[in-house]
Amino acid sequence: MARDPLAHVVDAPLFIVPRVLDGLRAYRARAPSGLLVALADTLLAGIEAHPTKFWVLRQFQKTLEQVADEDAPACAQIHGELEQLMDVLGIRSSDGVLGSTHR
C-alpha cells in the first residue's frame, strides 16, 4: 500500500490578504504550463473558503499525481513551480508532499 503523502502534513491557517491573491494572479499570468494555470485557478477559486496549508497541499498533490509519469526534468520543474506558489502563499514546508529533495 502506498503511503499517503498528506499523512504527515501539519495543518496551519493561511493569511489570505489582497497581496496574496495578487501574487496568485501574477503567478497564473506567467505559469509555464496549462496544468499550473489550472492549479492557480483552483487556488484562486478556493483559497478564501479554505485558507489552510492542508487544503493547498491537497491541491498540489492532485497536480503531482497528474505528472507522476513525466520524466525527471519535467517533474523537477513542476516541483520548483510549486515551491514558488508556496512562497506566494507563505507556506514554509510541504511536510514531504513535494518529496525529500524539496521543502
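Scroll up to find the structure.
How each quantity is defined
Residues numbered from 1 in each chain as written. Predicted model: local features only at pLDDT ≥ 70, side-chain atom pairs only at ≥ 80, totals over all residues. Heavy atoms only, no water. Salt bridge = Lys/Arg side-chain N within 4 Å of Asp/Glu carboxyl O. Helix = DSSP H or I, 4+ residues; strand = E, 2+ residues; numbered from the N terminus. Buried < 20%, exposed > 50% of the residue type's maximum accessible area, 1.4 Å probe, protein only. Core = buried A, V, L, I, M, F, W, Y, C linked by side-chain atoms within 4.5 Å. Contact = heavy atoms within 4.5 Å.

Chemist: Just give me the short version of the pattern of salt bridges, but keep the residues and values in it.
Modeler: As enumerated under the stated definition, the model contains 3 salt bridges in all. We note a salt bridge from aspartate 22 to arginine 25, for which the minimum N-O separation is 3.0 Å. With a gap of 3 residues between them, aspartate 22 and arginine 25 both fall in helix α1 (residues 18-30), about one helical turn apart. Classification of aspartate 22 as partly exposed rests on a relative accessible area of 47%. We classify arginine 25 as partly exposed; its relative accessible area is 45%. Arginine 28 is the partner of aspartate 41 in a salt bridge, and the nearest nitrogen-oxygen pair spans 2.3 Å. Here arginine 28 lies in helix α1 and aspartate 41 lies in helix α2 (residues 34-46), a separation of 13 residues in the sequence. Arginine 28 sits in the partly exposed class, given a relative accessible area of 33%.

Chemist: If you had to explain the nonpolar core to someone new, which residues and values would you point to?
Modeler: Across soluble globular proteins, you tend to see nonpolar side chains buried next to one another. Grouped together as the largest cluster of nonpolar side chains are 29 residues, with contacts concentrated most on Leu43, Ile47, Val56, Phe60, Leu82 and Leu89. Those elements giving two or more residues to this core turn out to be α1, α2, α3 (53-66) and α4 (72-89). The element best represented in this core is α4, accounting for 6 residues. Once residues lying within four places of it in the same chain are set aside, the contact partners of isoleucine 47 are Leu14, Ile16, Leu21, Leu24, Trp55, Val56 and Leu89.

Chemist: Which residues make up the side chain of threonine 63, and what values go with them?
Modeler: Its place among the elements puts threonine 63 in helix α3. Classification of threonine 63 as buried rests on a relative accessible area of 4%. Every residue in contact with threonine 63, bar those within four places of it in the chain, is listed here: Leu35 and Leu39.

Everything listed is a geometric property; what it means functionally is a separate question.
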